[in-house]
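Residues per chain are reported as follows:
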Amino acid sequence: MATRLEDAASGMRRDAFVPFFVPVRRRVRESADVATLEFDALEAGPAWSGFGPGQFNMVYAFGVGEIPVSISGDPSDPTRILHTIRAVGPVSRALATARRGEPVGLRGPFGSRWPVERAAGHDLLIVAGGIGLAPLRPVLYHALRDRGAYGRVALLYGARTPQDLLFRRELDVWRRTPGLQVRVAVDRAGPDWEGDVGFVTGQFPKVRFDPLEAVAMICGPELMIRAAAQSLQELGVDADRIHVSMERNMQCAIGHCGHCQFGPKFVCKDGPVFPYSTVAPMMAIREL
Amino acid sequence: MKTIEDLLRSHPFTEGLEEAILQLIAGCATNVVFEAGSYLFRAGGPADRFYLLRHGTVALELFVPGQGAQTFLTVKSGEMLGMTWLVPPYRWAYDARAVELCRAIAFDATCLRGKCESDPHVGYELMKRFVPVLVQRLQAAQLQRADLYGPAAQG
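Just so we're clear, the structure is a prediction, and the values are computed from it rather than from any experiment.

A.B. asks: Break down the overall build of chain B for me, citing the residues and quoting the values.
C.D. replies: Across its full length, chain B carries four helices and eight strands. When the helices and strands of chain B are listed from N to C terminus, the series reads α-α-β-β-β-β-β-β-β-β-α-α. Buried positions account for 46% of the 155 residues belonging to chain B. Considering only residue pairs separated by 6 or more positions, chain B has 73% of its internal contacts joining residues 24 or more positions apart. Accessible surface, chain B as shown: approximately 7,900 Å² in total, 57% of it carbon and sulfur. One finds the centroid of the 15 positive side-chain charges in chain B at a distance of 3 Å from the centroid of its 16 negative side-chain charges.

Next up, the structure:
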């Protein structure tokens, strides 16, 4: 099994287990427990040759450990690598609080991509829950840059509270962007919130799309993915046109260690993005 | 000027409802307006109405001591509002606040229950419209209650 990554620009191959190190250029606090780290891609030199929407890096905090983190930036921007990290454990906490100039190890990019090319010519539904907006943001950047390639485009985003919403400034911009439908719903809110409250699936009837033609991309907690996929299927979207990003315990990122095995698949290598039709039967098995 | 029957005919809740039933329940209905910030009803009050929202947004709230009003669902134009008029002792379980100017069709609960009792076909047709909304909101509430976007134990 291959343990080397192909560098698209140079054609050189490098060891997939060896991280390259880049200093944190900027840290943006998104919410109480989420931060986005920005790295200068040019500092990585030939070790970085870009990524596709949906791919992830293994991100290493010195002396603490390594975790998989999706890349949340613009795939067409060769100068920046962005990771949006939620502080939930020792490694993510160390990363989410990393200071400017602090070196961080990166390995990647790994994994499958959102099928943005296959979605061209169709209505596009981007359905995100919680931190799941981070792996989908590159899709939105791509779709907005190549807006003419798609039919109707909608972002449906669910979060815990208004305070937990990610990328708030961009959300405001996206809301005002012609040709983009944005629907946000939070699980609960105080009286000062004027937006919608409810589960994100309640937003489907409020956006315009053709269920028989639309392509959906869903990322969030597994229960949310299942509920959203189920609702879309009830509206007439075929399971083959629903794509989901799975989360499992990924460690080697190249299908060697087996930690992320999901039935016959390895989430790190075969995923994290899968057609819903291929993973739906396995999602119903509790032991997986 | 539109009649209450016209307003009912254009609401998604009554889509496909037999004209005779629509005419019958229209006798229990009135057209109502709520200013932004006013309450359609309050928790504990008598559930003597239910509403079909025609315009605006209503926030359903629970008052949590120490936290104040917490919105758990927003209901928009085209949707229905109020379930407990169907279930004794007919008391509202939460507050309903107009987030913006709201226009709605309000049904007198006693009148409507009487028509459902006297003609089970009317009751069944209405239940076929209530139950899917009830199930949908229950399922959504279960997912919200599960706090799916809360802290995950990893990383």
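A.B. asks: I'd love a proper account of the overall build of chain A, names of residues and values included.
C.D. replies: Within chain A one finds six helices and 17 strands. Taken over the C-alpha trace, chain A has a radius of gyration of 18 Å; the compact-globule value for 288 residues is 19 Å, and the two agree within 12%. Burial status across chain A gives 55% buried among its 288 residues. Partitioning the contacts of chain A with sequence separation of at least 6, the portion at a separation of at least 24 is 69%. By element, 51% of the accessible surface of chain A is carried by carbon and sulfur atoms, the whole surface being about 12,000 Å². Counting 34 positive and 31 negative side-chain charges, chain A places the centres of these two groups 3 Å from one another.

A.B. asks: How would you sum up the sheet that holds strand 2 (residues 39–41) of chain B? Please name residues and give values.
C.D. replies: Residue and element names in this part refer to chain B. With antiparallel pairing, the four strands of this open sheet are ordered in space as 2-7-4-5. Each edge of the open sheet is held by one strand with a lone partner, namely strand 2 and strand 5 (68–76). For this sheet, the mean angle separating the axes of adjacent strands, direction not counted, is 35 degrees.

A.B. asks: Lay out the side chain of Arg241 of chain A in plain terms, naming residues and giving numbers.
C.D. replies: Residues and elements named next belong to chain A. Its location among the elements puts Arg241 in the loop between helix 4 (222–235) and strand 14 (242–245). Separated by 2.5 Å, the side chain of Arg241 and the backbone oxygen of Ala214 make a polar contact. Residues within four places of Arg241 in sequence aside, it is in contact with Arg118, Pro211, Leu212, Glu213, Ala214, Val215, Ala216 and Gly236.

A.B. asks: Could you give an account of the side chain of Gln70 of chain B, naming the residues involved and the relevant values?
C.D. replies: Its place among the elements puts Gln70 of chain B in strand 5. Classification of Gln70 of chain B by relative accessible area gives buried; the value is 18%. Not counting residues within four places of it along the chain, the set of residues in contact with Gln70 of chain B comprises Ala189 and Gly190 of chain A together with Leu60, Glu61, Leu62 and Val64 of chain B.

A.B. asks: Can you tell me about the packing of aromatic side chains, naming the residues and giving the values?
C.D. replies: All names here are of chain B. Overall, the coordinates contain 17 aromatic pairs over all chains when judged by the stated rule. Look at Phe41 and Trp92: their rings are 3.6 Å apart centre to centre, the planes differ by 10 degrees, and that puts the pair in the stacked class. Note that Phe41 is positioned in strand 2 and Trp92 in the loop between strand 6 (80–81) and strand 7 (95–98), a separation of 51 residues in sequence. Per residue, the accessibility class of Phe41 equals that of Trp92, and both read buried.

A.B. asks: Tell me about the environment of Asp77 of chain A, and name the residues and values.
C.D. replies: Residues and elements named next belong to chain A. Here Asp77 lies in the loop between strand 6 (65–70) and strand 7 (80–86). When the C-alpha atoms of Asp77 and Ala41 are compared, they prove to be 9.3 Å apart, with 36 residues separating the residues in sequence. Side-chain polar atoms of Asp77 contact the side chain of Thr79, separated by 2.6 Å.

A.B. asks: So what's going on with the pairing of strand 14 of chain A? Residues and values would help.
C.D. replies: All names here are of chain A. Of the two faces of strand 14, the one lined by Ile242 and Val244 and the one lined by His243 and Ser245 are each fully buried. Looking at chain direction, strand 13 (residues 215–219) and strand 14 are connected through four bridges and run parallel. From the neighbouring strand, Met217 faces strand 14, where its bridge partner is His243. In terms of handedness, the path from strand 13 via helix 4 over to strand 14 forms a crossover that is right-handed. Bridging between strand 14 and strand 17 (residues 273–275) involves three bridges; their strand directions are antiparallel.

A.B. asks: Residues and numbers for the sheet that holds strand 17 of chain A, please.
C.D. replies: Residue and element names in this part refer to chain A. Pairing is mixed in the open sheet, where seven strands are placed in the order 12-11-10-9-13-14-17. Both outer strands of the open sheet, strand 12 (196–197) and strand 17, are each paired with one neighbouring strand and no more. In this fold helix 4 packs onto strand 9 (124–129), strand 13 and strand 14, with an angle of close to 160 degrees to the strand it touches most, strand 13.

Definitions and cut-offs
- Each chain carries its own residue numbering, running from 1 in the written order of its sequence.
- Chains carry letters from A onward and ligands carry numbers from 1 onward, assigned in written order.
- Owing to the predicted nature of the model, reporting of local features is limited to residues with pLDDT of at least 70; listing and counting of side-chain atom pairs is limited to 80 or more, with chain, interface and lining totals taken over all residues.
- Side-chain measures here rest on the full set of heavy atoms in the structure, leaving out hydrogens and waters.
- Numbering of helices and strands runs from the N terminus; a helix is a DSSP stretch of H or I covering at least four residues, while a strand is a stretch of E covering at least two.
- Partly exposed residues are those whose accessible area sits between 20% and 50% of the maximum for their type, while under 20% is buried and over 50% is exposed, using a 1.4 Å probe and protein chains only.
- Throughout, a residue-residue contact means that at least one pair of heavy atoms, one from each residue, lies within 4.5 Å.
- Accessible surface is estimated by sampling points in the Shrake-Rupley manner with a 1.4 Å probe; for residues, cover comes only from the protein chains shown.
- Working convention for charge: Lys and Arg count positive, Asp and Glu count negative, and His plus the chain ends are omitted.
- Charge coordinates come from a single atom per side chain, which is NZ of Lys, CZ of Arg, CG of Asp or CD of Glu.
- Note that the radius of gyration is over C-alpha atoms, with the globule rule given as 2.2 Å times the number of residues to the power 0.38.
- Two strands make a pair as long as DSSP finds a minimum of two bridges between them.
- Inter-axis angles, ranging from 0 to 180 degrees, are taken between N-to-C directions of lines fitted to C-alpha atoms, where helices are fitted over the stretch in contact.
- Any pair of nitrogen or oxygen atoms within 3.5 Å is treated as a polar contact; in protein, a donor-acceptor pairing is required on top of that, and neighbouring residues in sequence qualify only through side-chain atoms on both sides.
- The pairing test for Phe, Tyr and Trp rings, Trp by its six-membered ring, is centres within 6.5 Å, and the orientation test on the planes gives stacked under 30 degrees, edge-to-face over 60, and tilted for anything in between.
- Looking down the strands as they point away from the viewer, one classifies a crossover as right-handed if the path from the first strand across the helix to the second runs clockwise.

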